[in-house]
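Residue strings, one per chain:
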Amino acid sequence: MNLLLWHVHGSWTTAFVHGRHRYLVPVTPDRGPYGLGRARTYSWPETAVEVTPADLADVDVDLVILQRPEEIDLAEQWLGRRPGRDVPAVYVEHNTPKDGDVPNSRHPMADRDDLLVAHVTGFNQLFWDTGGTRTTVIDHGVVPPTVEYTGELDRLAVVINEPVRRWRVTGTDLLPRFAEIAPLDVFGMKVAGLAAELGLPPERVTSYDDVPQARMHAELARRRAYLHLCRWTSLGLSLIEAMTMGMPVVALATTEAVMAVPPGAGALATRIDTLLDAARRFVVEPEFARQAGATARTAARDRYGLDRFLADWDRLLEEEVCASR
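The following refers to the structure shown. (Residues numbered from 1 in each chain as written. Predicted model: local features only at pLDDT ≥ 70, side-chain atom pairs only at ≥ 80, totals over all residues. Heavy atoms only, no water.)

What to know about the sheet that holds strand β6 (residues 116–119)
Part 1 of the argument: Strand order in the open sheet formed by seven strands is β3-β2-β1-β4-β5-β6-β7, and the pairing between neighbours is parallel. Because the sheet does not close on itself, it has two edges, and the strands there are β3 (48–51) and β7 (134–137). Strand-to-strand twist across the sheet, computed as the mean angle between neighbouring axes with direction ignored, equals 25°.
Part 2 of the argument: The sheet contact formed by strand β1 (residues 2–5) and strand β2 (residues 22–26) spans three bridges and is parallel. Bridge pairing in β2 links L3 to Y23.
Part 3 of the argument: Along the sheet, helix α3 (residues 71–79) contacts β1, β2 and β4 (63–66); its crossing angle with β4, the most-contacted strand, is approximately 145°. (Pairing = 2+ DSSP bridges. Helix = DSSP H or I, 4+ residues; strand = E, 2+ residues; numbered from the N terminus. Axes fitted to C-alpha atoms, helices over the stretch in contact; angles between N-to-C directions. Contact = heavy atoms within 4.5 Å.)

As structure tokens, then:
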């Protein structure tokens, strides 16, 4: 199939474009949010093809993958066809509700009969009110990192995008307590200067801003344990990638993390003191950390394997395209 989708979430899109289809990714001269084009810090196959808005009017598109409400009008403008009416459409919901009306949050695609909402976690499906719109869940999948956990550095790793702006959402405010146990290495977008924002000396928090994925994985694998302190996000793919590498994890028991982190893979709790105790033990007991990491690796590869993810999407895409004929 020819699938039109925007480059919105780097890790999810990286897994998605590893399928057997042709992926048309809009690109604009400014490479802005609606024309980012191919990834530059992730490895994508050649079947992910950049297309300009002008080119799309003459391209045969079998299905549109929507990820933001405004993409419906944008796709109609660029394709000359209305998603859901003239061409099949699936809306992928990556996020938990952010409107402050949880658990009564109405989804922007609620009560529609022209598309399907595909949630990336069961938690998202549970907390979004989509009315009469059809929904399904396709759990995340990840491209397996090429590195394995060593845990040779008695430091803690974190991956957060925009930790200052998002602050309590991503648990940024909790980082100083963990920095007392071991130095933190924080990877992600807009993490530069985080130590100063936290009021900590630079030797306690080191920032690695927008590092290419392969290099980030190599660095994560050397750290003793992975911290996932997000209070209210869907499910960080970096958490799954860390587990797939064999890293033990210390995670808040919130949103979908309670389904992703099984017993023995690390620590999962809502009490910060429990998580601090676990992080401290991982730092001082490398063998205990390795054992937990091995459990995490098995669980992540069983549940979030790339083959399962792509097979689930293939079934869904075929059903939606066939139903439109």
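Alright, that's what it looks like, and here's the rest.
As for the packing of aromatic side chains
Part 1 of the argument: With the rule as written, the count across this model stands at eleven aromatic pairs.
Part 2 of the argument: Here F16 and W313 contribute two aromatic rings whose centre-to-centre distance is 5.2 Å and whose plane-to-plane angle is 85°, an arrangement assigned as edge-to-face. In this pair, F16 is assigned in helix α1 (residues 10–16) and W313 in helix α13 (residues 306–323), connecting sequence segments 297 residues apart.
Part 3 of the argument: Consider the rings of F187 and Y208, whose centres lie 4.6 Å apart with planes at 10°: the pair is stacked. Of this pair, F187 sits in strand β9 (residues 184–188) while Y208 sits in strand β10 (residues 205–209), and the two are 21 residues apart along the sequence.
Part 4 of the argument: One aromatic cluster in this structure is built from W12, F16, Y23, F309 and W313.
Part 5 of the argument: The side chain of R281 reaches across the aromatic face of F288, ending 3.6 Å from its centre. (Phe/Tyr/Trp six-rings, centres within 6.5 Å; stacked < 30°, edge-to-face > 60°. Lys NZ or Arg CZ within 6 Å of the ring centre and 35° of its normal.)

Looking at the packing of helix α11 (residues 272–284) against helix α12 (residues 286–303)
Part 1 of the argument: Interaxial distance between α11 and α12 falls to 5 Å at its minimum, and their mutual angle equals 115°. As judged from the angle between their axes, α11 and α12 are roughly perpendicular. Counting all contacts with α11, which are made through R281, F282 and V284, the residues of α12 involved are P286, F288, A289 and A292.
Part 2 of the argument: Here the contact of α11 with α12 is built from residues that sort into six nonpolar, no polar and one charged. (Parallel < 35°, antiparallel > 145°, perpendicular 65-115°, else oblique. Nonpolar A, V, L, I, M, F, W, Y, C, P; charged D, E, K, R; others polar.)

Quick look at the nonpolar core
Part 1 of the argument: W12, I65, F178 and W313 are the most contacted members of the largest nonpolar core, which has 83 residues in total.
Part 2 of the argument: If near-sequence neighbours (up to four positions away) are discounted, I65 is found in contact with L4, L5, W6, W12, F16, E71, V90, V92, W313 and L317.
Part 3 of the argument: The next biggest cluster of nonpolar side chains, apart from the first, holds 20 residues, and it includes L56, V59, A75 and L115. (Core = buried A, V, L, I, M, F, W, Y, C linked by side-chain atoms within 4.5 Å. Buried < 20%, exposed > 50% of the residue type's maximum accessible area, 1.4 Å probe, protein only.)

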